[in-house]
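Residues per chain, in single letters:
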Amino acid sequence: MKNLPKSIIGVLMLSVLLAACGSIESNVEGSWKVVMDDEETNSYMEIGEERIVTRKESNENPISAEYILTETEDDKFIIEFVNPESGKNEFLMEGYLENKDLIKVISTPNGETDNSKLVRVDSITEELEEKEKEEAVREEERIEREKADEEARQVAKAEEEEEAKQVAKAEEEIAKQVAKGEKEEKEPIQAAGNSGLKEKYLSEANGLDDKIMKELKDVHPHAQDMQPGFYGQYNGEWDSLLNEVWNELKDTMPDNEFESLKADQNQWIEKKEQTFSEMPDEAASARAEGWDYLAFETKDRTYYLIENYLD
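Each value, and the rule that gives it
Throughout this description, residue numbers start from 1 for each chain and increase along the sequence as written. In keeping with the predicted nature of the model, local features appear solely for residues at pLDDT of at least 70, side-chain atom pairs appear and are counted solely at 80 or more, and the whole-chain, interface and lining totals rest on all residues. For side-chain calculations, the full set of non-hydrogen atoms in the structure is used, while hydrogens and water are omitted. Confidence of the prediction at every residue is given by pLDDT, a number between 0 and 100. Secondary structure elements are defined from DSSP: runs of H or I of at least 4 residues count as helices, runs of E of at least 2 residues count as strands, and each element is numbered from the N terminus. Contacts are assigned to residue pairs that have any heavy atoms within 4.5 Å of one another. In this text, buried Ala, Val, Leu, Ile, Met, Phe, Trp, Tyr and Cys residues form a nonpolar core when linked through side-chain atoms within 4.5 Å. We call a residue buried when its accessible area falls under 20% of the maximum for its residue type, exposed when it is over 50%, and partly exposed in between, using a 1.4 Å probe and counting protein chains only.

1. Comments concerning the confidence of the model for the protein
- With 84% of its residues at a pLDDT of 70 or more, the protein has an overall mean of 82.
- Confidence, expressed as mean pLDDT per element, reaches its minimum in the protein at helix α1 (residues 6-28) with 51 and its maximum at helix α4 (residues 235-252) with 94.
- Scored below 50 in pLDDT, residues 1-22 shows four contacts in the model against residues more than four places distant or in partner chains.
- Confidence over residues 187-195 falls short of pLDDT 50; this stretch has four contacts with residues more than four positions distant or in other chains.

2. A look at the nonpolar core
- Ranked by internal contacts, the top residues of the largest apolar core, which has 28 residues, are I212, M226, Y231, W238, V245, L249 and L305.
- Every element with two or more residues in this core is listed here: α2 (124-186), α3 (197-219), α4, α5 (255-278) and α6 (284-309).

3. Re the environment of L92
- Locating L92 in the fold gives a position in strand β6 (residues 89-99).
- With 14 residues separating them in the primary sequence, L92 and I78 have C-alpha atoms 7.7 Å apart.
- Apart from residues lying up to four places away in sequence, L92 is in contact with M45, I52, I79, E80, F81, T108 and P109.

Right, here's the structure in full:
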């Protein structure tokens, strides 16, 4: 090689340089996704032999321009694009090939960057279609979450409204009982002695109700309404009186009539227990209102049997 003319050596060196430059260009050519410092892909770039085509995360309105690749020191290169409006060369990026599928970006028109890179992809179209599918799945999941949240809000609202109705009903019943107790204090019902079972048990029922109203005034002398749970504590006493009346009916009624009444009584018990089981019981006040309901129902049933089946 020492004997070669200088002109031939110059040609060989130029050929090597051109081959090296062509190698970088050929390695840079292809389809790339642009990954910024925040690890988000915000655009794609297709580098051909003479032109660069860039596009956002949508197939619409791709931008195409001629480009110039210039190799710099340390295997780095600069890409400039020809502005189609001004015809001037403008800086696009500086970087280097870390491997055949990854270009590390050193700087952009916005300044130096640490983590930006170009990652080779097989097909930009397939990448965009996959992203659209992922976006569609995320949107569907968002809609489903909002739908589930709205359904949960509606259920909670319905439960609150139902609880409010139960409270209002209980308060109305308590107000009636308080008013009835005040009336009976002014005009007490006198027992008719032992002239009949109806009079006897009416007297006992009225006496129990009077006692409850009196104790209410003793415990809460200034209360306008009966406190939740107050009447419920007498459910056991009403239940005992109901059982006494029931035993009297069993002993005094004809068998066929008693069996018919027994079927009706069983239906009443099932309905009462079903309603009680469906009432809210998370809060202490709700449980108290449930016991009030049992007491009032048992009281009403006791009066019903006395007034309609005892003589």
